[in-house]
Amino acid sequence: MLRFLSRLPIDRYLLALVGMVALAAILPARGQAAEVMEGVVTAAIALLFFLYGARMSPAAIGAGLMHWRLQGAVLLSTFVLFPLLGLGLVFLMRGSLQPDLLTGMLYLCLLPSTVQSSIAFTSIAGGNVAGALTSASLSNLLGVIVTPLLVGLMIGGAGGGIHLQSILDIGLQILAPFAVGQICRPLLKDWLGRRARLTGLVDRGSILLIVYAAFSEGVVAGVWSQVAPADLAKVVGLNIALLAVVLSLTLAAGRLLRFEKPDRIVILFCGSKKSMATGIPMAGILFAGHAVPLIVLPIMLFHQIQLFACTLIAQRYARENAAAATPALSPDRP
């Protein structure tokens, strides 16, 4: 059985995420442990964005930003296409899904793209890594402002509105560590370059902590008992359908707009992803007083679904690239 499972195209990180959910269900953080976990998660988020800032070359940022067509395509998918699809979901599912879950589906559509996984999948697929770096990072930086504004505009009273203090809190938790990382980059870039595996563990470990803390909070609060199995199945189905539509549209747009294949890969991966690392802490600020665990449930499910789907897609691109390179390396091979 273990040998069979090892052959399946399942990302180990995806399994780790599922493991965190299971751990939270069995051993949720309670009382003082929950307070300690909250502090650990806050520190982990700050460290995550600090490393993003320290690892990113200002020259690479500038070069990527100059590719305005690529940046524009990703941002349009992230902050225009997704929100429009989210409004469509609200229209179709109103009255058929718990209000907080429906709010969560719309909130999911307003989030920026991921950074680490978008870059990783682009690299595996043979895409424009520098373009992915700047596209995903720009999406996250703009998301600090754009996402709260979209929440205030499209969710309004359901999300408690948007206030200057909310933007300031998000900036302190996400943008400030990134800026400090940029300042410290001259001192840390060589050290981090020699420890790519270590920074990758911090990347992924931060997300695992966030998932555990969020699901743990829901277990302690008894939130999951409020989710009917039928509603859970609906959210999973909506997430799969949403991702399938966006993947199809971003792939088609890349071809219609005559982007080169490496750039099409960037649009596909960066334009179809949503950041759980940004979305969960932001939800705690924007939806204070609401059932935050229910609102972020669609984000957690979408994150796992997008990791699985994009792993399969990236592996397929990698196989195609390897097959295309083989004749050039061995022209006499039949």
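Residues numbered from 1 in each chain as written. Predicted model: local features only at pLDDT ≥ 70, side-chain atom pairs only at ≥ 80, totals over all residues. Heavy atoms only, no water.

**Looking at the overall build of the protein chain**
- Summing up its helical and strand segments, the protein chain has 14 helices and zero strands in all.
- Ordered by position in the sequence, the α and β elements of the protein chain form the string α-α-α-α-α-α-α-α-α-α-α-α-α-α.
- Across the 334 residues of the protein chain, 48% fall into the buried class.
- Summarising the internal contacts of the protein chain: among those between residues at least 6 apart in sequence, 87% fall at separations of at least 24.
- As displayed, the protein chain offers around 15,800 Å² of accessible surface, 68% of which is attributable to carbon and sulfur atoms. (Helix = DSSP H or I, 4+ residues; strand = E, 2+ residues; numbered from the N terminus. Buried < 20%, exposed > 50% of the residue type's maximum accessible area, 1.4 Å probe, protein only. Contact = heavy atoms within 4.5 Å. Areas by Shrake-Rupley, 256 points an atom, 1.4 Å probe, with all protein chains shown as cover.)

**Considerations on a nonpolar patch on the surface**
- A grouping of Leu76, Val80, Leu84 and Leu87 is seen on the molecular surface, where their side chains present a nonpolar patch of about 360 Å² in accessible area.
- On the basis of relative accessible area, Leu84 is assigned to the exposed category, the value being 55%. (Patch = residues over 30% accessible without salt bridge, like charges linked within 9 Å, V, L, I, M, F, W, Y side chains within 5 Å. Salt bridge = Lys/Arg side-chain N within 4 Å of Asp/Glu carboxyl O.)

**Observations concerning the packing of aromatic side chains**
- Across all of its chains, the model carries three aromatic pairs by this definition.
- Here the aromatic rings of Tyr107 and Phe287 are separated by 5.0 Å at their centres, their planes lie at 80 degrees, and the arrangement is edge-to-face. With Tyr107 in helix H6 (residues 99–109) and Phe287 in the loop between helix H13 (276–286) and helix H14 (292–329), this residue pair connects regions lying 180 residues apart in the sequence.
- The buried category is assigned to Tyr107, whose relative accessible area is 0%.
- The ring of Phe259 carries Arg69 above its face, with NZ or CZ at 4.3 Å from the centroid. (Phe/Tyr/Trp six-rings, centres within 6.5 Å; stacked < 30°, edge-to-face > 60°. Lys NZ or Arg CZ within 6 Å of the ring centre and 35° of its normal.)

**Looking at the packing of helix H7 (residues 116–124) against helix H12 (residues 261–270)**
- Close contact between H7 and H12 brings their axes to 9 Å; oriented N to C, the two are set at 145 degrees. Between H7 and H12 lies a crossing of right-handed hand. For the pair H7 and H12, contact is made by Ser118, Phe121 and Thr122 and by Ile265, Val266, Phe269 and Cys270, respectively.
- Partitioned by chemical class, the residues of the contact of H7 with H12 number five nonpolar, two polar and no charged. (Axes fitted to C-alpha atoms, helices over the stretch in contact; angles between N-to-C directions. Left-handed = near helix turned anticlockwise from the far one by under 90°. Nonpolar A, V, L, I, M, F, W, Y, C, P; charged D, E, K, R; others polar.)

**Quick look at the confidence of the model for the protein chain**
- On average, the protein chain scores 81 in pLDDT, and the residues at 70 or more come to 84%.
- Confidence over residues 157–161 falls short of pLDDT 50; this stretch has ten contacts with residues more than four positions distant or in other chains.
- Scored below 50 in pLDDT, residues 328–334 shows one contact in the model against residues more than four places distant or in partner chains. (pLDDT = per-residue confidence, 0-100.)

**Looking at the side chain of Thr114**
- With respect to the helices and strands, Thr114 occurs in the loop between H6 and H7.
- When residues no more than four places from it in sequence are discounted, the contact partners of Thr114 are Ala136, Asn140, Lys273, Lys274, Ser275 and Gln306.

**Focus on the environment of Asn321**
- Looking at the secondary structure, you find Asn321 in helix H14.
- Sequence separation between Asn321 and Gly126 is 195 residues, and the spatial gap between their C-alpha atoms is 7.4 Å.
- For Asn321, the residues in contact, after removing those within four places along its chain, are Ala125, Gly126 and Lys261.
- Reaching out from Asn321, the side chain makes a polar contact with the backbone oxygen of Ala125 at a distance of 2.8 Å. (Polar contact = N/O pair within 3.5 Å; in protein donor to acceptor, adjacent residues only side chain to side chain.)

**Quick look at the pattern of salt bridges**
- Inspection of the entire model under this criterion finds one salt bridge.
- Its salt-bridge partner being Arg316, residue Glu320 comes within 3.5 Å of it at the nearest N-O pair. Linking Glu320 with Arg316, this pair stays in helix H14, spanning four residues, or about one helical turn.

**Quick word on the side chain of Asn140**
- You can see Asn140 is positioned in helix H8 (residues 129–154).
- Within polar-contact distance, the side chain of Asn140 engages the side chain of Thr278 at 2.8 Å.
- Filtering out sequence-adjacent residues up to four positions away, Asn140 remains in contact with Phe49, Pro112, Ser113, Thr114, Val115, Ser275 and Thr278.

**Points about unusual backbone geometry**
- The backbone phi angle of Arg258 is positive, close to 60 degrees, even though this residue is not glycine.
- You can see Arg258 is positioned in the loop between helix H11 (229–256) and H12.
- Arg258 gets classed as exposed once you look at its relative accessible area, which sits at 75%.

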